[in-house]
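A look at the structure
Chain residues, written in single-letter form:
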Amino acid sequence: MMRWDPFKEIEELQERLGRGMGFGMGRGRGDQTFAPLVDVWEDEEGLHFAVYLPGIDPDKVEVTAEEETLTVKAERPFEKQENVAYHRVEGPYGTFVRSFSIPSVYDLSKVAAKFKNGVLYLSVPRAEETKPRKIQVEVES
């Protein structure tokens, strides 16, 4: 007879919910995918992204921009130690790819990327032709 473990059922539910929302609740298998948290805002200069990547080496982050799509790829490998018994591994490990559709009013050829304190900051400026222009009014006498 199997003993009922309510915590196991909760963990399984969390994992199913996480997968449904795009978060791989990896156990260090290296085949998991997770989606990092992202803040997106817009101002008169353009679109801005803050992609939260704690524990990820900035050298393992790749940003590409093409055909109205901005894509962030990265990897956080699980470094399993020998002679260690893991009781719980809840950190997101594995790889991720997150893409954003960028309207044509923004210039993907001028994306700027900075990485600071585990956060990737991306800025996508407005295309020059979409910025408001001040028109000089000529006065005739």
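Structure: above.
To keep things clear, this report deals only with the structure shown in the data block. For clarity, every value in this text was computed on a predicted model and none was experimentally measured.

How each quantity is defined
Residue positions are counted from 1 within each chain, in the order its sequence is given. This being a predicted model, a pLDDT of at least 70 is required before a residue's local features are given, and a value of 80 or more before pairs of side-chain atoms are given or counted; all residues contribute to the totals for chains, interfaces and linings. As a rule here, side-chain values cover all heavy atoms of the structure and leave hydrogens and water aside. When a carboxyl oxygen of Asp or Glu is within 4 Å of a side-chain nitrogen of Lys or Arg, the pair counts as a salt bridge. Numbered from the N terminus, helices here are DSSP runs of H or I no shorter than four residues, and strands are runs of E no shorter than two. Between any two strands, at least two bridges found by DSSP are needed for them to pair. Interaxial angles span 0 to 180 degrees and are taken between N-to-C directions of axes, which are lines fitted to C-alpha atoms, for helices over the stretch in contact.

Description of the pattern of salt bridges
Going through the model one piece at a time under the given rule, you end up with three salt bridges. Here Arg-126 and Glu-42 are joined by a salt bridge, their closest N and O atoms 2.9 Å apart. Here the residue Arg-126 occupies a position in the segment after strand E7 (119–125), and Glu-42 occupies one in strand E1 (residues 38–42), the gap between them amounting to 84 residues. Here Glu-90 and Arg-88 are joined by a salt bridge, their closest N and O atoms 2.6 Å apart.

Brief notes about the sheet that holds E1
Strand order across the open sheet formed by four strands is E1-E2-E7-E6, with antiparallel pairing between neighbours. At either end of the open sheet lies a strand with only one pairing partner, and these are E1 and strand E6 (112–116). Taken pair by pair, the neighbouring strands of this sheet meet at an average axis angle of 15°, ignoring direction. Alignment of E1 against strand E2 (residues 46–52), held across five bridges, turns out to be antiparallel. Bridge pairing in E2 links Val-38 to Val-51.

Some remarks on unusual backbone geometry
In this structure, Glu-68 takes a positive phi of about 60° despite not being glycine. Although it is not a glycine, Asn-117 sits at a positive phi angle of roughly 50°.

Some points on the sheet that holds strand E4 (residues 69–76)
The strand order across the open sheet formed by three strands is E3-E4-E5, and the pairing between neighbours is antiparallel. Two strands close off the open sheet at either side, each with one partner strand: strand E3 (61–66) and strand E5 (94–101). Averaged over neighbouring strand pairs, the angle between their axes works out to 15° when direction is ignored. As judged from the six bridges shared by E3 and E4, these two strands associate in the antiparallel manner. From the neighbouring strand, Val-61 faces E4, where its bridge partner is Ala-74.

Coordinates in, geometry out; function isn't part of it.
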